[in-house]
Amino acid sequence: MKLNVIVTLCALFSLTRQASSREKCVCELINSQKAFPHDKLSTVEDNATKCTDNITPQKTLELESLLLGLERRLPQLLKDVSMLEKEDDGDLYAVLSLQVVENELMEIKQLIDRLNGSTLGHQRLTTDTNKQLEDLRAEMMELEAYDTMQVVLRQQDNRRLRRDLEQCKNGLHPTTRPTRPPHGNCPHGEFMNITGPRVYTAGEYPGSYKYGAWGRDPKPEAGKETWYWLVMLTSSNVYSNYVRLYSSLSSLIVGVSTPGNVLIHASNPTTNTIQGPNVVVYGGALYYNCYYTADVCRFNLNSKTVTTLQLPIGTRFNSKGNFCHIDECYPYTDLDLATDESGLWVIYTTTQDFGNLVLSKVEEGDPPTLGQTWRTSVYKQGVTNTFMACGVLYATRYVSKDTEEIFYSFDTATGAERFNLGIFINKMSPNIYSLNYSPVDQMLHAYCDTYMVSYKVLFS
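Quick caveat: nothing in here was measured; it's all calculated off a predicted structure.

Caption draft 1: Layout of unusual backbone geometry. With an omega of 10 degrees, the peptide bond between glycine 196 and proline 197 qualifies as cis. With respect to the secondary-structure elements, proline 197 resides in strand S3 (residues 191–201). Phi is positive for asparagine 272, which is not a glycine, with a value near 70 degrees. As for its placement among the helices and strands, asparagine 272 is situated in the loop between strand S8 (260–263) and strand S9 (274–275).

Right, dumping it as structure tokens:
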């Protein structure tokens, strides 16, 4: 072994001993190889980092969101044009219908313009990235010439061996399917998994409002079946005094709001305005945690009137019973409103339940009333969000900045609880501040650090 080392070193260096006086001995060391280009390696690393920063999943999802919005918008346009042709009376009705069609064409044109802009941007990015990758590969091959000990080559061999070993292990022991949650009496079947994101958009106010919620009305008024709603906490990331409406998903993506804001009150915050992000729209009314109380407010979007529902004594509010994970708690998430196939729900906690989640059915009315209540054994501050689907309560927890897990379920039909569901959400931002299930299209709508994201719920 010593001989090998000596031979290798001799190949790199020549050693010359010079005669000198008795007081000192001088040895001259001459490197026969080229000096390693550290500056070039640093440049390659910087270029690789820039290349990685330019290619992000968000850019791909932006294109997919625009395509999805266009896909949903075109059938609606065809339907409206067909109706205009059939029911044209040559008078006022025709004028109004034509105006509707013109507005839809304008929105579609805006969507196509954004799509064209994104497509051209992606083409330029692809061309630039291909050239950068070719340059990086050529530079790395030049640098490998300095690896006289073949360290890099052996590392590559080791990686190939580890990859082959993992493939062999997976072939012998297939990955087990996640535990399936109970589905109760669900018309769609059994809750299996979620896919996506299907939509990822900054909407009308990119980067402006960190906390909020969005979704669809499961029980819409006639003519508003395609509408979407958006609530952003515009004051101190805690309060809001209006809900913003969009006539379609494509309108929400491109940021064209019709009819615009529906104002609860001119002041923000004040009595009966919104506190916290966990809100829903159901039956033409917005339901939310009333400002500075433990009550649920119901704001009628047509009459602009507010009625309230009092929750049980001891209900925690004003950021005393928040959703949390190990690093932080989400402020003013004491009350979580939810919708599913069977109606409207409120999730909260009380001092009597020692911080565990409590679930109550909300019965429609003016004012609404509190229906049946269920108590769970899951601690709220160990949960990041909840939602309802087919009469089953689901809870999530934070796994990492990229992953959230649906880990818990409570079936209101049987009272059965599960703590090991193992259904994972691929996040586009570190935090999900609100989560709403839409029984209309079985989509899960998330509001994440100013972005609106949606996932498709898969049933058996």
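Caption draft 2: Geometry of the sheet that holds strand S18 (residues 356–363). Spatially, the four strands line up as an open sheet ordered S16-S17-S18-S19, and their pairing is antiparallel. In the strand order of this sheet, the two ends are held by strand S16 (336–340) and strand S19 (369–379), each with one partner. The mean inter-strand angle of the sheet, taken between neighbouring strand axes irrespective of direction, is 25 degrees. Here six bridges tie S18 to S19, and the two strands are oriented antiparallel to one another. Residue pairing for S19: valine 358 is matched across the bridge by arginine 375.

Caption draft 3: Local environment of the side chain of asparagine 241. Counting through the fold element by element, asparagine 241 comes out in the loop between strand S6 (239–240) and strand S7 (242–246). Using a relative accessible area of 7% as the deciding quantity, one classes asparagine 241 as buried.

Caption draft 4: Structural view of the pattern of salt bridges. Following the criterion strictly, the structure yields eight salt bridges and no others. The salt bridge partner of lysine 219 is glutamate 364, with a shortest N-O separation of 2.7 Å. Placement of lysine 219 in the loop between strand S4 (212–215) and strand S5 (228–232) and of glutamate 364 in the loop between S18 and S19 is noted, with a sequence separation of 145 residues between them. A residue is classified by how much of its surface remains accessible, and glutamate 364, at 39% relative accessible area, is partly exposed. Here lysine 427 ties to glutamate 404 by a salt bridge, and the two come within 2.8 Å at their closest N and O atoms. Highlighted residues: lysine 427 in the loop between strand S24 (423–426) and strand S25 (434–438) and glutamate 404 in strand S22 (residues 403–411), separated in sequence by 23 residues. Just as lysine 427 is buried, glutamate 404 falls in that class too.

Caption draft 5: Structural detail: the state of the cysteines. Under the criterion given, the structure shown has three disulfides. Each sulfur in the disulfide pair cysteine 186 and cysteine 390 lies 2.0 Å from the other. Placement of cysteine 186 in the loop between helix H5 (151–172) and S3 and of cysteine 390 in the loop between strand S20 (385–389) and strand S21 (392–398) is noted, with a sequence separation of 204 residues between them. Note on accessibility: cysteine 186 and cysteine 390 belong to one class, buried. With its sulfur 2.0 Å from that of its partner, cysteine 290 forms a disulfide with cysteine 297. The chirality of the disulfide connecting cysteine 290 with cysteine 297 is right-handed, given an S-S dihedral of about 120 degrees. Once the bonded cysteines of the chain are numbered in order along the sequence, the disulfide links fall as 1-6, 2-3, 4-5.

Cut-offs used in this document
Residues numbered from 1 in each chain as written. Predicted model: local features only at pLDDT ≥ 70, side-chain atom pairs only at ≥ 80, totals over all residues. Heavy atoms only, no water. Helix = DSSP H or I, 4+ residues; strand = E, 2+ residues; numbered from the N terminus. Pairing = 2+ DSSP bridges. Axes fitted to C-alpha atoms, helices over the stretch in contact; angles between N-to-C directions. Buried < 20%, exposed > 50% of the residue type's maximum accessible area, 1.4 Å probe, protein only. Salt bridge = Lys/Arg side-chain N within 4 Å of Asp/Glu carboxyl O. Disulfide = S-S within 2.5 Å.

Functional significance is not addressed by these values, which are geometric in nature.
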